[in-house]
Amino acid sequence: MKYYLTTPIYYVNAAPHLGHSYTTIVADTIKRFKRMQGFDAVLTTGTDEHGQKIERAATAVGKTPQEFCDLIAEEFRRQWRILGLEIDRFQRTTSPHHAKVVEDLFLRCKRNGYVYKGSYSGQYCVFDELYVNDAKPGDPCPDCGRPTETVTEENYYFKLSEFQDRLLDLYQKQPDFIQPETRRNEVLAFVRQGLQDLSISRTTIKWGVPVPEEENHVFYVWFDALGTYMSAVDGENLWPADLHLIGKEILRFHAVYWPAFLWAAGLEIPKRIFAHGWLLFEQEKMSKSRGNMVRATPIHEVLGTDALRYFLLREVVFGQDGSFSYDALVGRYNADLANGLGNLASRVLTMIHQYRDGVQPKIPADTSAFGARARAVVEKTLDYYERLDFSKALEEIWKLIAWVDRIIVEYAPWKLAKEADQERLDLILYCAAETLRIVTALAYPVIPQSAEKIWSQLGITTPLKDSRVADLHWGHAEGNQKLGVVQAVFPRADAKAIVKMKEHEVAEYERQQELLGKKPAPPVPVFERDGAKITIEDFAKVDLRVGLVKSAAAVKGASKLLHLQIDIGEPQPRSIVAGIAEAYQPDSLVGRKVVIVANLAPRKLRGLESQGMIVAASLEGGAPVLAGFLEDVPVGARLK
Ligand code: MSP
């Protein structure tokens, strides 16, 4: 039986960080669990490479979009390889095969009468790739707070409005279609408000999958991206997906748009969507735009991937937000892995080496007292895994570890070894090793590499990877096998581990920056040297004002310049010439609020008078990024 699961396909405007690793690690864990249950589990991930955001990110570092995408897609692949994740298909939206599947999806929707042409004029959030209905020029995006941009374009529209009842019916009849429950309620509330038709093509962008039989249209990135789930497994009899695993911020696209597109095309919809919470770092969502990212590979280098996997799945309640910190990671690692499972393994295996020459005793006649306990834990743990409640599953397994630790102390094998009757010693050694076998197999989906190591130290020759849940029953191991060599699987971590992870993190950050063609920001504040300091009076001489872009046009013969008319609350708008043409389309600037230096002496550029300067961040080797405001601010307001 097949089980097809997916992660989101990640935008390539940033290199992979721990947030991306989180979803992909969880997906890998579920895949391994499903395989234990006997499914042929297939896991798809990939990269989302089209859209204005990516085009701009490429321009900013002086690369073509394709060059840029190739580089970052490979970076994601590399990341999953290093972390040892079992990815079956890595799908890129720039692959020609994917384009065909998206075209087909569109043509089916069109043939069935769910697509029409219309025009849109309004605000657009480039970051979220989302039209913001009811917004005015300059309004912030309600999702991310960034300034929206004004666009006017002819589009293909999808008749989303026709699917409201069918969607509500789906959520009603299949309550586990959206999980967890809180997220399902949010979607219900959203759909009950009524659905508007959705624009699914763009004419203002070039970097996308072209719409068939159209000169200027490319598909809206989400229409393109969602199609990946099908294009990745096209012709393989795997559709519909059994599970889409996503972060909570992209639930609407998956739980509302995606089933509607598929229905319109006459195709089957996925079976289940699970929207997990955010990984926070110092209480904020870890993301490129906040610059508070941590990467997975430095943790892998120092503590191993399994330490990270265990931490993420044990510490964060799946479905809720959770926090990452190096202290908490090392704390968990030492308490649960080094002192918990690692200690149990070396203790049990060492005793068998010591008292039984490294051969596990044969299964004793009556082990029922131990068996009952283990059986109950297996049942509960499998049930928690099935519900994707990983932290509970691990808690259950670790209770069994604590229990067997106590029983060993109670039986005191070191005393039994000196007695004439050796049956009791055989009993405790067999039962401790059998509990260790079960615990190791149960923990395998979360800590696969370490579990395999303990498995071979237990002397079991078939790989744990090929074990099935049926093998988890008490007494499955007959005993009498020769153990492997005992080695510490989770050596204790000391304070130096954190220092090392932080050092690796800096090195990894710098490597990624270099890869992107950027120089890492200099660590020393620019104004540190005495001579460079200015007084508050000096600063007050600069008249900085909020301006509203009324118009923008290219400057003939100057590829970098734009000529803008900017209202700063004076009777006439200012004429300003700015070197931002390589980073911004003129149309996208109209309606945007910017910061202007209003008291610069005017000067002429290409015959045009520039009566001020527009303020932008100047990126090393890249394109400028305009300063703006998250809150609405009145035109002409002074910056102090
Ligand atoms: N390209 C879209 C998805 C298209 S799917 C058809 C996209 N990409 S993304 O690069 O922004 O990745 C978002 C996903 O990455 C989240 O939904 C989540 O799975 C993961 N995460 C990114 N940052 C995260 C956290 N800080 N915490 C948890 N997950 C995070 O949206």
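What counts as what
Residues numbered from 1 in each chain as written. Predicted model: local features only at pLDDT ≥ 70, side-chain atom pairs only at ≥ 80, totals over all residues. Heavy atoms only, no water. Helix = DSSP H or I, 4+ residues; strand = E, 2+ residues; numbered from the N terminus. Contact = heavy atoms within 4.5 Å. Near = heavy atom within 4 Å. Polar contact = N/O pair within 3.5 Å; in protein donor to acceptor, adjacent residues only side chain to side chain. Areas by Shrake-Rupley, 256 points an atom, 1.4 Å probe, with all protein chains shown as cover. Buried < 20%, exposed > 50% of the residue type's maximum accessible area, 1.4 Å probe, protein only. Pairing = 2+ DSSP bridges. Axes fitted to C-alpha atoms, helices over the stretch in contact; angles between N-to-C directions. Parallel < 35°, antiparallel > 145°, perpendicular 65-115°, else oblique. Nonpolar A, V, L, I, M, F, W, Y, C, P; charged D, E, K, R; others polar.

(A) Spatial organisation of the overall build of the protein. When helices and strands are tallied, the protein shows 20 helices and 25 strands. Each principal axis of the C-alpha distribution contributes one length, and for the protein these read about 105 × 70 × 40 Å. By sequence separation, contacts in the protein at least 24 residues apart represent 74% of the contacts at least 6 residues apart.

(B) Region of interest: the site of the ligand. In the vicinity of the ligand lie 24 residues, with Ile 9, Thr 23, Asp 48, Glu 249 and Leu 279 positioned nearest. Here an oxygen atom of the ligand sits 2.9 Å away from a polar atom, N or O, in the main chain of Tyr 11. Coverage of the ligand by the protein chains reaches 95% of its 670 Å² of free accessible surface.

(C) A look at the pairing of strand β18 (residues 574-578). When you tally the buried positions in β18, you get 5 out of 5 residues, the bulk of the element. The alternating pattern of β18 places Arg 574, Ile 576 and Ala 578 on one face and Ser 575 and Val 577 on the opposite face, and all of these are buried. Where strand β17 (residues 558-567) lies against β18, 5 bridges are found, and the strand directions are antiparallel. Bridge pairing in β18 links Gln 565 to Ser 575.

(D) Region of interest: the sheet that holds strand β13 (residues 279-281). One open sheet accounts for 3 strands, arranged β14-β13-β15; its pairing is mixed. Where the open sheet ends on each side, the last strands, each with one partner, are β14 (284-285) and β15 (322-324).

(E) Here's a closer look at the packing of helix α1 (residues 18-36) against helix α11 (residues 305-315). Interhelical geometry of α1 versus α11 gives an angle of 90 degrees and a closest axis separation of 10 Å. Comparing the axis directions of α1 and α11 gives the class roughly perpendicular. The residues of α11 that touch α1, namely those facing Leu 18, Tyr 22, Ile 25, Val 26, Asp 28, Thr 29 and Arg 32, are Leu 308, Arg 309, Leu 312 and Leu 313. Residues that form the contact of α1 with α11 fall into these classes: 7 nonpolar, 1 polar and 3 charged.

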